[in-house]
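Residue-level structure breakdown
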Amino acid sequence: MSASVAVYRNIYTEDRFKQAYGTDDDTSGSLRLREKLAGRCRCSRRACLHLLKERVPIFSWLPRYRLKKWILGDTIAGLTVGILHIPQGMAFALLTSVAPIFGLYTSFFPVVLYMFFGTGRHVSTGTFAVVSLMTGSVVEQLVPTPLDMNSSSPEAAEFEGQRIGVASAVALLSGIIMLCMCGLQLGFLSTYLSEPIVKAFTSAAAFHVTISQLQNMLGLRLPRHTGTFSLFKTLASVMENLPHTNMAELLISLVCLAVLVPVKEINMRYRQRLRTPIPVEILTVIIATGVAYASSLDSTYGIEIVGHIPAGFPKPRMPSLHTFPDIAGDTIAITFVGYAVSVSLAMIYADKHGYSIHPNQELLAHGVSNTVSSFFTCFPSSATLATTNILESAGGYTQLSGLFTSLVVLVVLLLIGPLFYFLPKAVLACINVTSLRQMFLQFQDLPELWRVSKMDFMVWVVTWLSVVILNVDLGLAIGVVFSMMTVICRTQRAGCSVLGRASNTEIYRSLENHSKCYEVPGVKILTYNGPIYYGNRSFFREEISKLLGLTPEKIRSREKARKALEKREREATVNTVESCIANTSFSSENEFFKSETSESDVQAVLIDCSSVIFVDVAGARLFTQMCTECQKVGVHVYLANCNESVLKILTSSGLMNFMSPQHIFVTVHDAVMYIQQQKEKPPENSTTVWV
């Protein structure tokens, strides 16, 4: 049995409803502002502790840490991710065009700092392929690779110092930008990088990473191309130099791929059954280093190896601050990409495990991580896709897993690092390529995206093509601009529809999709599904004019009829006074229009503003213009469901000079009932005037 609803109440205009249920805005607003300012300026022990826990979250979650329940999961997950960080850190250093040791530093310092300041419990920070690739492009532009340099010469050490100086400067500037954004509460800016943009960008960047690693996998010594069309330039250079391929490095690459790809597939397919994934990357590194050392592959076959990896902590060093003007534009793009990916990952796992993250605090966490790490010869860091996924699947619970991750990397830095001297760079290139599996698999989302939203599908395709064809930075900018243009176009072309009433209800729906609803006689109920602002005011006016049939010719003809009416009324009034007889032929203006128009003609226009989220000055003036035009043809205008901001702008713009406040209603049904009651009122008898 279906339930029924019966409501009996008065008709409410906005003014009447505000008088009955509203509050004094000025008083409450001033009180709220005073309370907020007092709360912000109050200094007490409790307020300081709250601020400390808010800005350094470890003081909030560590006292509530469930040792027996969480420590095992955090330990296993942290150690697993730490083992993965070692080969990936060295591999992504190649993408950044710096020595592998700096990848290990970047896998240590940001992890420790994020543990103190981050709010994502399952986020693993460190080196990320896309950020490393973008940073490497900046390094190559400012410090290009000389092909004839001997890796053991003193010039090589100075050259590496220049390169890491630029990379550290990018990290420092990126951290400063994030800290400034945190101070200005600009965490919401990451939302401009929508999910289709981020996925398309990372997928396209994976192609750039793969192509850039071909020369290391084939043993070719080629310059790194940057700028527009860099992917095709690199591919053409590799194809041109294929005859010079080092067969030993090619064989090493094929063997590594044959091992890495199947084992990583096993890790992915059986991740629910495996307590921890098989650490195939570190095993490959260890075995390849041993084989290269035992066989002297570097001297016998001329393969390129990692070389000297110093043991111990890096000495603090000032980044190359003089490069700030040259790297500013690229660093802004790197900052937005790193932050957007980090926040997206944090939100995904926060939603999955039922807790919340704070975007502005994430800005602070990554800003501090990059700023402090830059003084220890680190390049930009962010959350990483692969290690974050492994951290969560291995059973991590809190940020404490970062402690065990950093301990593994610390052991390598202090003791084991120099043992990787003979590690072939081709192995690191293979690790880079195989770590991009998740990014390549994002193509699987396209059919679902096409089914759900063709506009988002277009954003994905345009971003992907722009990044692949042009460049990583320029392609990202094009993707963001195109995405924002789609939003603007959708607001410009928002549909205007006619509403009809469902029989014996107060429900009004679009007649286009609800054929059994009917139009209220003499009333045209319109709704516009978007804001009304300078960008779409002309489209809004065209739609309204088309639905009402308000052509300039009709307005002029009805205005002439109106003036003729007024003239006849004045003459009738004079005649009535002179003859002392009440002439009721033209008792009112409405009576004339009723006699001149049929019952089906529009006598009132009701605009449902429930979907109008905002109106600017141009939109408010358009409302005023519409009111005057409708009045010229004898049509009254009514509004319903206006939100507070829209109503305030319309009132401030002077709309009430052309429209009665009694014509603005709380709901569509209130307005319809009022209009029908006005139509059904019997005409009042005109008063007889005796002179």
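Nothing here was measured: the structure is a model prediction, and the numbers come from that model.

So, about the overall build of the chain. Scanning the chain from N- to C-terminus turns up 29 helices and eight strands. Across the 691 residues that make up the chain, the buried fraction comes to 50%. In the chain, once contacts between residues fewer than 6 apart in sequence are set aside, the share between residues at least 24 apart is 83%. As displayed, the chain has an accessible area near 34,900 Å², and 60% of this comes from carbon and sulfur atoms.

Glancing now at the packing of helix H5 (residues 67-95) against helix H13 (residues 280-295). Between H5 and H13, whose axes approach to 8 Å, the crossing angle comes to 60°. On the basis of their axis angle, the class for H5 and H13 is oblique. Crossing angle aside, the handedness with which H5 passes H13 is left-handed. Between H5 and H13, the residues in contact are Ile 83, Leu 84, Ile 86, Pro 87 and Met 90 and Glu 281, Ile 282 and Val 285, respectively. Class assignment for the residues of the contact of H5 with H13 results in seven nonpolar, no polar and one charged.

Moving on, we get to the pairing of strand S7 (residues 636-640). The buried fraction of S7 is high, at four of five residues. One ladder, built from five bridges, connects strand S6 (residues 604-608) with S7; its direction is parallel. Across the sheet, Leu 606 pairs through a bridge with Tyr 638, a residue of S7. For the segment spanning S6, helix H27 (residues 617-632) and S7, crossover handedness is right-handed. Strand direction decides the pairing type here: S7 and strand S8 (residues 664-665), joined by two bridges, are parallel. In the strand pairing of S8, Leu 639 is matched with Ile 664.

Summed over all chains, the structure comprises 14 salt bridges. The salt bridge partner of Lys 524 is Glu 519, with a shortest N-O separation of 3.4 Å. Its relative accessible area of 13% is what places Lys 524 among the buried residues. For Glu 519, a relative accessible area of 34% translates into the label partly exposed. Overlapping salt bridges bring together Arg 221, Glu 249, Glu 304 and Lys 425 as one network.

Bringing helix H11 (residues 230-240) into the picture now. Listed in full, the buried residues belonging to H11 are Ser 230, Leu 231, Thr 234, Ser 237 and Val 238. Looking down the long axis of H11, one finds its buried residues gathered within 130° of arc, a one-sided arrangement. Exposed residues on H11 whose side chains face more than 90 degrees from its buried face are Met 239 and Glu 240.

Among the surface-exposed residues, Ile 266, Tyr 270, Ile 278, Leu 283, Ile 287 and Val 291 lie close enough to one another that they form a single nonpolar patch of about 520 Å² accessible area. Looking at the secondary structure, you find Leu 283 in helix H13.

With 23 residues, helix H12 (residues 247-269) should reach 33 Å at 1.5 Å per residue; the first-to-last C-alpha distance of 33 Å fits that figure. All of the buried residues along H12 are Ala 248, Glu 249, Ile 252, Ser 253, Cys 256, Leu 260, Val 263, Lys 264 and Asn 267. Its buried side turned inward, H12 meets helix H10 (195-218), H13, helix H14 (297-300) and helix H19 (425-434). Among the residues of H12, the N-terminal cap falls to Asn 246, whose side-chain oxygen and the backbone nitrogen of Ala 248 are separated by 3.0 Å.

What the six strands build is an open sheet, ordered S4-S3-S5-S6-S7-S8; its pairing is mixed. With partners counted over all chains shown, the strands left at the sheet margins are strand S4 (508-510) and S8, one partner each. Strands strand S3 (496-501), strand S5 (523-528) and S6 of the sheet are contacted by helix H24 (residues 537-548), whose axis makes an angle of about 155° with S5.

Bringing the nonpolar core into the picture now. Met 90 and Leu 423 are the most contacted members of the largest nonpolar core, which has 122 residues in total. With 12 residues, the top contributor of residues to this core is helix H15 (residues 324-353). When neighbours within four sequence positions are excluded, Leu 423 is seen to be in contact with Met 90, Val 285, Ala 288, Thr 289, Glu 304, Ile 305, Val 306 and Leu 428. Ranked by size, the runner-up nonpolar core spans 33 residues in total, among them Val 615, Phe 623, Cys 627 and Cys 642.

Moving on, we come to the packing of aromatic side chains. Going through the model one piece at a time under the given rule, you end up with 25 aromatic pairs. Seen from their ring centres, Phe 108 and Phe 313 are 5.5 Å apart, and the 75° between their planes marks the pair as edge-to-face. Of the two residues, Phe 108 is situated in the loop between helix H6 (100-106) and helix H7 (109-117) and Phe 313 in the loop between H14 and H15; the sequence distance between them amounts to 205 residues. A ring pair is formed by Tyr 533 and Tyr 534, whose centres lie 5.5 Å apart and whose planes are at 85°; its orientation type is edge-to-face. Since its relative accessible area comes to 10%, Tyr 533 is described here as buried. A residue is classified by how much of its surface remains accessible, and Tyr 534, at 65% relative accessible area, is exposed.

As a further point, take the pairing of S3. When you tally the buried positions in S3, you get six out of six residues, the bulk of the element. Burial along S3 is two-sided: the residues Cys 496, Val 498 and Gly 500 and Ser 497, Leu 499 and Arg 501 are all buried. For S3 and S5, the ladder comprises four bridges, and the chain directions are antiparallel. Bridging from a neighbouring strand, Leu 499 pairs with Ile 525 of S5. Two strands pair when backbone bridges link them, and S3 and S4 are joined in this way by three bridges, in the antiparallel orientation. Paired with Leu 499 across the strands is Ser 510, a residue of S4. The loop that links S3 with its antiparallel partner S4 comprises six residues; one of these, Asn 504, has a positive phi angle of about 60°.

For the rest of this paragraph, the subject is the side chain of Thr 377. Here Thr 377 shows up in the loop between helix H16 (359-374) and strand S2 (382-383). Sequence-distant contacts of Thr 377, that is, excluding residues within four places in its chain, are made with Phe 102, Tyr 105, Ile 164, Ser 168, Pro 314 and Arg 317.

When two helices pack together, their arrangement is given by the angle between the helix axes and the distance between those axes. Remark: H10 packs on H12, axes separated minimally by 7 Å, with the N-to-C direction vectors making an angle of 120°. On the basis of the axis angle, H10 is oblique to H12. Where H10 abuts H12, its residues Asn 216, Met 217 and Leu 218 lie against Glu 249, Leu 250, Ser 253 and Leu 257. For the contact of H10 with H12, the per-class residue count stands at four nonpolar, two polar and one charged.

Rules used in this analysis
- Residues numbered from 1 in each chain as written.
- Predicted model: local features only at pLDDT ≥ 70, side-chain atom pairs only at ≥ 80, totals over all residues.
- Heavy atoms only, no water.
- Helix = DSSP H or I, 4+ residues; strand = E, 2+ residues; numbered from the N terminus.
- Buried < 20%, exposed > 50% of the residue type's maximum accessible area, 1.4 Å probe, protein only.
- Contact = heavy atoms within 4.5 Å.
- Areas by Shrake-Rupley, 256 points an atom, 1.4 Å probe, with all protein chains shown as cover.
- Axes fitted to C-alpha atoms, helices over the stretch in contact; angles between N-to-C directions.
- Parallel < 35°, antiparallel > 145°, perpendicular 65-115°, else oblique.
- Left-handed = near helix turned anticlockwise from the far one by under 90°.
- Nonpolar A, V, L, I, M, F, W, Y, C, P; charged D, E, K, R; others polar.
- Pairing = 2+ DSSP bridges.
- Right-handed = clockwise from strand over helix to strand, strands pointing away.
- Salt bridge = Lys/Arg side-chain N within 4 Å of Asp/Glu carboxyl O.
- Arc of directions from axis to C-beta.
- Patch = residues over 30% accessible without salt bridge, like charges linked within 9 Å, V, L, I, M, F, W, Y side chains within 5 Å.
- Expected span 1.5 Å × (residues − 1).
- Polar contact = N/O pair within 3.5 Å; in protein donor to acceptor, adjacent residues only side chain to side chain.
- Core = buried A, V, L, I, M, F, W, Y, C linked by side-chain atoms within 4.5 Å.
- Phe/Tyr/Trp six-rings, centres within 6.5 Å; stacked < 30°, edge-to-face > 60°.

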